[in-house]
Amino acid sequence: MTNGYEFCSEAVPEECGVFGIYAPGDDVARIAYFGLFALQHRGQESAGIAVTDGRTIRLHKRMGLVAQAFDEETLSALKGHIAIGHTRYSTTGSSNLANAQPFLEHHRGIPFAIAHNGNLVNALKLRQELEHLGFQFEGTSDSEIIAKLIASYDELDFEQAVMAAMERLQGAFSLVILTPNQLFAVRDPYGVRPLVIGKLNGSHWVIASETCALNPVGAVYVRDVEPGETVIVDEKGLHIVKWAEITRPSLCIFEFVYLARPDSHLYGRNVHMIRRRMGQILAREHPADADVVIPVPDTGIPAALGYSEASGIPYAEGFIKNRYIHRTFIQPSQRQRELGVRIKLTPLREVLEGKRVVVVEDSIVRGTTTRAIVGMLREAGAKEIHVRISSPPYRFPCFYGIDTAARSELIAAQLDVEEIRRYIGADSLGYLSLEGLIEAVGGDGERFCRACFDGRYPIPIPHHLRLSKHLFEEEVPDLLPVR
Ligand code: SF4
């Protein structure tokens, strides 16, 4: 460990939402605020907006939800015609304002701001190089590294500096960058994290992590930022620079399972309908003799509907969800996760008592949440509990922007399906197969990263990162590295 970075919790990645708007004459800060509001599910730790009026860049960022980070006063102070925004999700250890985004940096004395979704796999190497050049870091996030890397190319003009920096980055990155007169959007050559372009009022441009952020601000979808593309918007309009060849498009398949909002479209397909299809295929692969199908709300709802449609077993709400609790996925300790699920979900005894219940969940990561859910269903009087998971066993850690656990903490990396069934206390357990998941998302598995299910990482993972998540090559010698 060289600087406290390599194995600190920040070495594990974050999932985030980014937003950009180029709209002279409009209240861009307010539009960015509502864009971020629609992307709140991608990160609840901190939120920030940077705005330019053509001369300077004003930045406001705070810990907490978008609605907590901004009020009328802060938004009114953010005057300008271009804005970028960010919602951040992180692990607890790195949850501080120094890592909140956007980041402000200078290139040749001119300010720029940057916001990032994804995770670099060569961050440590780049950071060490930049420190060697004399750059000092406030926090531990990849975004600050990208900002300083762009700043380091001071012999180039800004556009060239962005391109030069992008060619040094390895990993997953969907970026928005703001200068006093331009908005940039960049997507890595694998296209791991989504990024889309929208049009507002016929002449203004919007960039967002997901299409769900377009409609609330009145924008219409134009197209995706393709892998390996940089989009530049300025007074001349929008133009696109292809800066890298697509090696292999590798959109994160877990976006379909859990991450993306159900009203978003990925690869042109609606996420809700795909989750419903996952449930239909799950019913085909793992039928159950049961009286009722219930979801674990909210992400389990479409798959439970699909399971009900395909099986003919009636659908019902078996849990009431407290909507003011954030995703238990991001709680820091096992104890908090166990408490969190009880605070978040209350079983409906009137629906469950004496019934044979199919309960549909999107995934099992550590197993503690599912175990608590099964326990609550038993307490509520369910006669039989058949757990159905609308994704395959989650066996490998993610290095491309999702903070799951180390491999040693992933229950499916340690136990087989029957052992997991016993651990969670269910009467039966069935996972959607990888083939079933690929069928649900459109049938061409080669267009996706699905490494957390099959260990085939499209972007090679450096040794120190593998170790940080207990991914030892001897356990998966035929799978690592993939290419
Ligand atoms: Fe998505 Fe899994 Fe790939 Fe990570 S490893 S990018 S969660 S499919």
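It should be noted that the structure appears before, not after, this text.
Presented here is a report on the structure given in the accompanying data block. Note that the structure is predicted; figures quoted are calculated from it, not measured. The numbers attached to residues start from 1 for each chain and follow its sequence in the written order. The predicted nature of this model means local features are confined to residues of pLDDT at least 70 and side-chain atom pairs, given and counted, to a pLDDT of 80 or more, with totals for whole chains, interfaces and linings taken over all residues. To obtain the side-chain values, all non-hydrogen atoms of the structure were included, while hydrogens and water were left out.

**Section: the overall build of the chain**
- Helix and strand content of the chain: 17 helices and 23 strands.
- When we talk radius of gyration, it's over C-alpha atoms, and the globule rule is simply 2.2 Å times the number of residues to the 0.38. For 483 residues, the compact-globule estimate of 2.2 N^0.38 gives 23 Å, and the chain sits close to it at 22 Å.
- Its C-alpha atoms give the chain principal-axis dimensions of roughly 70 × 50 × 40 Å.
- The buried share of the chain, reckoned over its 483 residues, is 61%.
- Partitioning the intrachain contacts of the chain with sequence separation of at least 6 by distance along the chain shows that 69% fall at a separation of at least 24.
- What sets the accessible areas is the Shrake-Rupley method with a 1.4 Å probe; for residues, cover comes only from the shown protein chains. Put simply, the chain shows about 17900 Å² of open surface, and 51% of that area lies on carbon and sulfur atoms.
- The positive count covers Lys and Arg only, the negative count covers Asp and Glu only, and His and the chain ends enter neither. The atom standing in for a charge is NZ when the residue is Lys, CZ when it is Arg, CG when it is Asp and CD when it is Glu. Taken together, the 51 basic and 60 acidic charged side chains of the chain have centroids lying 3 Å from each other. Helix and strand definitions follow DSSP, with helices as H or I runs of at least four residues and strands as E runs of at least two, each counted in order from the N terminus. Burial classes follow relative accessibility: with a 1.4 Å probe on protein chains only, a residue under 20% of its type's maximum area counts as buried, one over 50% as exposed, and anything between as partly exposed. Here a residue-residue contact requires only that any non-hydrogen atoms of the pair lie within 4.5 Å.

**Considerations on the side chain of Thr179**
- With respect to the helices, strands and loops of the structure, Thr179 is situated in the loop between strand 7 (171–178) and strand 8 (183–187).
- Here Thr179 falls in the buried class, since its relative accessible area comes to 6%.
- Under the rule applied, a polar contact is a pair of N or O atoms within 3.5 Å (in protein, one hydrogen donor and one hydrogen acceptor; residues adjacent in sequence only if both atoms are side-chain atoms). Looking at Thr179, its side chain comes within polar contact range of the main-chain nitrogen of Gln182, at 2.9 Å.
- Setting aside anything within four residues of it in sequence, one finds Thr179 in contact with Thr52, Ile57, Ile82, Pro111, Phe112, Phe158 and Phe184.

**So, the site of the ligand**
- We call a residue near a molecule or strand whenever a single non-hydrogen atom of that residue lies within 4 Å of it. Around the ligand lies a shell of 13 residues, among which Arg193, Cys252, Cys398, Cys449 and Cys452 are the nearest.
- If you map the ligand onto the pockets, it falls in the largest cavity.
- Three classes are used: nonpolar for Ala, Val, Leu, Ile, Met, Phe, Trp, Tyr, Cys and Pro, charged for Asp, Glu, Lys and Arg, and polar for all others, with Gly counted as polar. Each residue belonging to the shell around the ligand can be placed in one class, and the counts come to eleven nonpolar, no polar and two charged. Definitions used for this entry: grid spacing 1 Å over protein atoms alone; cavity, a set of points where a 1.4 Å probe fits but cannot get out; pocket, an open set with protein on both sides within 12 Å along at least 5 of 7 lines; lining residue, one with an atom within 4 Å of a point. Molecules are considered to sit inside a cavity or pocket once more than half of their atoms lie within 2 Å of its grid points.

**Some remarks on the environment of Arg366**
- Along the chain, Arg366 falls in the loop between strand 20 (356–361) and helix 12 (368–379).
- Overall, Arg366 belongs to the partly exposed group, its relative accessible area being 22%.
- The spacing of Arg366 and Gly48 is 318 residues in sequence and 31 Å in space, taken between C-alpha atoms.

**Quick look at the packing of aromatic side chains**
- Each pair of aromatic rings taken from Phe, Tyr and Trp, with Trp reduced to its six-membered ring, is defined by centres within 6.5 Å and is described as stacked if the planes are under 30 degrees apart, edge-to-face if over 60, and tilted in the remaining cases. Scanning the model with the defined rule gives 14 aromatic pairs in all.
- A centroid spacing of 5.3 Å and a plane angle of 65° characterise the contact between Tyr267 and Phe448, whose relative ring orientation is edge-to-face. Of this pair, Tyr267 sits in the loop between strand 15 (265–266) and strand 16 (269–270) while Phe448 sits in strand 23 (residues 448–449); the two residues are 181 residues apart in sequence, bridging distant segments of the chain.
- For Phe448, a relative accessible area of 0% gives the class buried.
- Each ring is checked for a lysine NZ or an arginine CZ that lies within 6 Å of its centre and within 35 degrees of its normal; such an atom marks a charge sitting over the ring. The aromatic ring of Phe137 is capped on one face by Lys148, whose charged end is 5.6 Å from the ring centroid.

**Description of the state of the cysteines**
- By disulfide we mean two sulfur atoms from cysteines, separated by a distance within 2.5 Å. In total, this model carries zero disulfides according to the counting rule given.
- Free cysteine: Cys212, not disulfide-bonded; nearest cysteine sulfur from Cys16 at 15 Å.
- Residue classification places Cys212 among the buried positions, given a relative accessible area of 3%.

**Description of the sheet that holds strand 4 (residues 82–88)**
- Think of it this way: DSSP has to see at least two bridges between two strands before they count as a pair. Read from one edge of the open sheet, seven strands run 3-2-4-1-10-9-11, paired in antiparallel fashion. A strand with exactly one partner marks an edge of an open sheet, and here the two such strands are strand 3 (57–63) and strand 11 (219–224). Averaged over all pairs of adjacent strands, the angle between their axes in this sheet comes to 15°, without regard to strand direction.
- When strand 2 (residues 46–52) meets strand 3, the two strands line up antiparallel, connected through seven bridges. When the sheet's bridge partners are listed, Gly48 is paired in strand 3 with Lys61. As a rule, the C-alpha atoms of each element are fitted with a line to give its axis, helices using only the stretch in contact, and angles between N-to-C directions run from 0 to 180 degrees.

**Some remarks on the pattern of salt bridges**
- What counts as a salt bridge is simple: a side-chain nitrogen of Lys or Arg found within 4 Å of a carboxyl oxygen of Asp or Glu. Using the criterion set out here, one finds 28 salt bridges in the structure.
- In this structure, Lys125 engages Glu129 in a salt bridge whose closest nitrogen and oxygen atoms are separated by 3.5 Å. Of this pair, Lys125 and Glu129 both sit in helix 4 (residues 123–132), four residues apart, which is roughly one turn of the helix.
- The class of Glu129 is partly exposed, set by a relative accessible area of 32%.

**Here's the deal with the sheet that holds strand 8**
- The six strands are arranged 5-6-7-8-12-13 in an open sheet whose pairing can be described as antiparallel. The two strands at the open ends of the sheet, each matched to only one other strand, are strand 5 (103–107) and strand 13 (237–242). Strand after strand, the sheet turns through a mean of 25° between neighbouring axes, direction not considered.
- Set on the sheet, helix 5 (residues 142–152) makes contact with strand 5, strand 6 (110–120) and strand 7; between it and strand 6 the angle comes to about 135°.
- Sitting on the sheet, helix 6 (residues 158–168) is in contact with strand 5, strand 6, strand 7, strand 8, strand 12 (229–234) and strand 13, with an inclination near 15° to strand 8.

**Quick look at the packing of helix 8 (residues 271–285) against helix 15 (residues 434–441)**
- Their axes nearest at 9 Å, the elements helix 8 and helix 15 cross at an angle of 145°. Of the two possible hands of crossing, helix 8 and helix 15 adopt the one that is right-handed. For the pair helix 8 and helix 15, the contacting residues are Ile274, Arg277, Met278, Ile281, Arg284 and Glu285 in the first and Gly436, Leu437, Glu439, Ala440 and Val441 in the second. Handedness of a crossing follows from how the near helix is turned relative to the far one, being left-handed for an anticlockwise turn of less than a right angle and right-handed for a clockwise one.

**A short note on unusual backbone geometry**
- Of the consecutive residues Gln101 and Pro102, the connecting peptide bond is found in the cis state with omega at 5°.
- Inspection of the secondary structure puts Pro102 in the loop between strand 4 and strand 5.
- Cis geometry marks the peptide bond from Pro297 to Asp298, where omega comes out at 0°.
- Of note, Asp298 is situated in the loop between strand 17 (292–295) and helix 9 (301–311).
- For Tyr267, which is not a glycine, the phi torsion comes out positive at approximately 50°.
- Residue class for Tyr267 comes out partly exposed when judged on its relative accessible area of 22%.
- Phi is positive for His470, which is not a glycine, with a value near 60°.

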